[in-house]
Amino acid sequence: MDNNVNETVSVNGETVTSQTTTQETQPASDTKMKLCKHCGAKIPEDAVICTHCGRQVENIAQSGGSQPQIVINNANDNSNTNTNTNVNANVNAAVSGVALLQAKPKNKWVALALCFFLGCLGAHRFYEGKIGTGILYLCTMGLFGFGVVVDLILILLKPNPYYVKVKVG
C-alpha cells in the first residue's frame, strides 16, 4: 500500500513542492502469524521471543528431542565432630614462679575516711594493698597534699564496693 504525501514549503519567497511516497511494510501473505500472549502484537508463528515486547512466547525446543539427564546426589556423609580443646584453661596456674592477680573487694567509704584523715600518711593506699605508693605518700606527705586531693576525688567516683587487684602467691 503506497501513501503519497504532497508538501508545499515557502523558502525566501519561492514556493517549493515536494512529493513523498511511503510504503507500509506488511508481512507476505504466505507468512503465518500469531499473537503474542503478553502484548498482543502480531509475530511470526515460529517465533520463540516476541519481536515487539521481547518476552519469551514459547519454550525453546531441545536439539536432540530428549530432556538432558540431571543427576542430583543429596547424600551427605559428613559428620561434624567438635575437636576443640581449651588450650588457654588455667594458663597462669601452669606457669610456676609467677604471682597470680586476684581482685579483692574494698569498701569505698572506708577508703574515703582513711584518705581524708590519714591521707598524708598513705593509709588509704596501704588499705588498697598498694604498698609502694603507700610508702611514697608516707615519705612525701601525700605527694605534698596534691596526691591526697586527687585520691579523694577518685575514691568518690568509684562504685561501692570497688575491686583492687592484689598479688597472690
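What counts and what doesn't
- Residues numbered from 1 in each chain as written.
- Predicted model: local features only at pLDDT ≥ 70, side-chain atom pairs only at ≥ 80, totals over all residues.
- Heavy atoms only, no water.
- Helix = DSSP H or I, 4+ residues; strand = E, 2+ residues; numbered from the N terminus.
- Contact = heavy atoms within 4.5 Å.
- Buried < 20%, exposed > 50% of the residue type's maximum accessible area, 1.4 Å probe, protein only.
- Salt bridge = Lys/Arg side-chain N within 4 Å of Asp/Glu carboxyl O.
- Axes fitted to C-alpha atoms, helices over the stretch in contact; angles between N-to-C directions.
- Parallel < 35°, antiparallel > 145°, perpendicular 65-115°, else oblique.
- Patch = residues over 30% accessible without salt bridge, like charges linked within 9 Å, V, L, I, M, F, W, Y side chains within 5 Å.
- Areas by Shrake-Rupley, 256 points an atom, 1.4 Å probe, with all protein chains shown as cover.
- Expected span 1.5 Å × (residues − 1).
- Bend = angle between axes of the 7 residues up to and from the residue.

Engineer: It is not clear to me how the side chain of Lys-108 should be interpreted in this structure. Could you clarify?
Structural biologist: Within the secondary structure, Lys-108 sits in helix H2 (residues 108-118). With near-sequence residues (within four places) excluded, Lys-108 lies in contact with Ile-155, Leu-156, Lys-158, Pro-159, Asn-160 and Tyr-162.

Engineer: Whenever I open this one, the environment of Gln-56 confuses me. Can you help?
Structural biologist: Assignment of secondary structure puts Gln-56 in the loop between strand E4 (42-44) and helix H1 (91-94). Given a relative accessible area of 42%, Gln-56 falls into the partly exposed group. Through-space distance from the C-alpha of Gln-56 to that of His-38 is 8.9 Å; in sequence the pair is 18 residues apart. Those residues in contact with Gln-56 that lie beyond four places of it in its chain are His-38, Val-48 and Ile-49.

Engineer: Could you clarify how one ought to interpret the pattern of salt bridges in this entry?
Structural biologist: Pairs can form between side chains of opposite charge once their charged atoms are near each other. Evaluation of the coordinates by the stated rule reveals four salt bridges. Across the pair Asp-151 and Arg-125 runs a salt bridge whose closest N-O atoms are separated by 3.8 Å. You can see Asp-151 sitting in helix H5 (residues 146-157) and its partner Arg-125 sitting in helix H3 (residues 123-127), a full 26 residues away along the chain. Here Asp-151 matches Arg-125 in class, with each residue buried. When the shortest N-O distance is used, the salt bridge between Lys-130 and Glu-128 registers 3.6 Å. When its relative accessible area of 33% is taken as the criterion, Lys-130 is described as partly exposed.

Engineer: Help me understand the packing of helix H4 (residues 131-144) against H5 in this model?
Structural biologist: Between H4 and H5, whose axes approach to 3 Å, the crossing angle comes to 70°. Viewed along their axes, H4 and H5 adopt a mutual orientation that is roughly perpendicular. Counted together, Tyr-137, Gly-142, Leu-143 and Phe-144 of H4 and Phe-146, Gly-147, Val-148 and Asp-151 of H5 form the full contact between these two elements.

Engineer: Would you take a moment to explain a nonpolar patch on the surface for this structure?
Structural biologist: A cluster of nonpolar residues, Phe-116, Phe-117, Leu-118, Leu-121, Phe-126, Ile-131, Ile-135 and Leu-138, forms a patch on the protein surface that exposes about 800 Å² of accessible area. Only H2 and H4 provide two or more residues apiece to the nonpolar patch.

Engineer: Is there a simple way to explain H4 in this structure?
Structural biologist: It helps to recall that an α-helix has 3.6 residues per turn; residues three or four apart then point in one direction. Over its 14 residues, H4 runs 18 Å from end to end, which matches the ideal 20 Å to within 8%, given 1.5 Å per residue. The largest bend in H4 amounts to roughly 85° and is located at Leu-138. Packing partners of the buried residues in H4 comprise H3 and H5. Positive backbone phi, at 90°, marks Gly-145, one or two positions downstream of H4.

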